[in-house]
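# Notes for the structure review
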Amino acid sequence: MTVAGSPSTPAARRGRPGYDQQSVLAVAVAAFNRHGYEATSMGMLAEELGISKSAIYHHVPSKGDLLRLALDHALGGLESVLTRPGAMVGAADARLEFVLRGTLAVLAERLPFVTLLLRLRGNTDVEREALERRRTFDREVAALVDAARHEGSIRRDIDPRTTTRLIFGTINSIVEWYRPGGPLTADKLADDVILMVFDGLHRR
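Structural notes, computed from the coordinates.

A separate point is empty space enclosed by the protein. By the definition in use, this model includes three cavities of 30 Å³ or more. One number sums up the size of the largest cavity: a volume of about 120 Å³. Lining the largest cavity are Leu78, Thr103, Leu107, Val114, Leu117, Leu118, Arg134, Phe137, Asp138, Phe168, Ile171 and Asn172. Contributing elements (two or more residues each) for the lining of the largest cavity: α6 (92-109), α7 (111-118), α8 (125-151) and α9 (160-173). Along the lines of polarity and charge, the residues of the lining of the largest cavity split into eight nonpolar, two polar and two charged.

Pasting the structure below:
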């Protein structure tokens, strides 16, 4: 599924025949998620790709650059949701719903990349920079929750911090069990999450 105006994928960089930067990145992200970033060596990636380590460097300068590209792909998608008109204009609860739907769409489209983002430990500068960008995104969503609460369009008897944590907890947990291409489509997933969240938040 593609969100209207969704950001482009990482720019391909020419390299060794048979591979481009995106295909190398996809293999790297899968390995990072499977083994952990620190435990994944360039030798392991070369073995999975069936090429030499030196051949990987035709596509990307280092393992850290692979991580940076992967995290930027995840974060760029999430951050772009906040710049859409639906996130900036209208009632706060409508803007919140738009952002949550957009977040779920990015998660479904870029599941391995978002999974990697959510599993960061902050052990490197690249990871710490990504975590700060993620916290900024989270604060923007929390501000929408607070604005909707003050507008009176969602319940005021639940602590806004609890509401925000429950929303993020629900959405973030999806990376552990959702499988694109299965019987649950990305659209139905978004509908179900929005219904569950807002049916409990809207005033009856």
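Okay, α8 next. An α-helical turn contains 3.6 residues, so a residue and the one three or four places further along point in the same direction. Taking 1.5 Å per residue as the helical rise, α8 with its 27 residues ought to reach 39 Å, and the 39 Å between its terminal C-alpha atoms agrees with that figure. Within the sequence span of α8, burial applies to Val126, Glu127, Ala130, Leu131, Phe137, Val141, Leu144, Val145 and Ala148. Gly152 occupies a position one or two residues after α8 and carries a positive phi of about 90 degrees.

A few words on the environment of Gln21. Its place among the elements puts Gln21 in helix α1 (residues 21-35). For the pair formed by Gln21 and His58, sequence separation is 37 residues and the distance between their alpha carbons is 8.9 Å. A polar contact is formed between the side chain of Gln21 and the backbone oxygen of His59, at a distance of 3.1 Å.

Empty space among the atoms becomes apparent when a probe as large as a water molecule is rolled across them. In this structure, the largest pocket encloses a volume near 270 Å³. Surrounding the largest pocket, 14 residues form its lining, Gly36, Tyr37, Glu38, Arg119 and Arg121 being those nearest its centre.

Each pair of packed helices can be summarised by the angle the axes make with each other and by the distance between the axes. The N-to-C vectors of helix α4 (residues 63-81) and α8 enclose an angle of 5 degrees; their axes lie 10 Å apart at closest approach. As far as their axial angle goes, α8 and α4 are roughly parallel. Of the residues in α8, those in contact with Gly64, Leu67, Arg68, Leu71, Asp72, Leu75, Gly76, Leu78 and Glu79 of α4 are Val126, Glu127, Glu129, Ala130, Arg133, Arg134 and Phe137. Across the contact of α4 with α8, the residue classes break down as seven nonpolar, two polar and seven charged.

Here is what the cut-offs are and how they apply
- Residues numbered from 1 in each chain as written.
- Predicted model: local features only at pLDDT ≥ 70, side-chain atom pairs only at ≥ 80, totals over all residues.
- Heavy atoms only, no water.
- 1 Å grid on protein atoms, 1.4 Å probe; cavity = no way out; pocket = protein on both sides within 12 Å on 5 of 7 lines; lining within 4 Å.
- Points joined across faces, edges and corners; volume = space filled by probe spheres on them.
- Helix = DSSP H or I, 4+ residues; strand = E, 2+ residues; numbered from the N terminus.
- Nonpolar A, V, L, I, M, F, W, Y, C, P; charged D, E, K, R; others polar.
- Expected span 1.5 Å × (residues − 1).
- Buried < 20%, exposed > 50% of the residue type's maximum accessible area, 1.4 Å probe, protein only.
- Polar contact = N/O pair within 3.5 Å; in protein donor to acceptor, adjacent residues only side chain to side chain.
- Axes fitted to C-alpha atoms, helices over the stretch in contact; angles between N-to-C directions.
- Parallel < 35°, antiparallel > 145°, perpendicular 65-115°, else oblique.
- Contact = heavy atoms within 4.5 Å.

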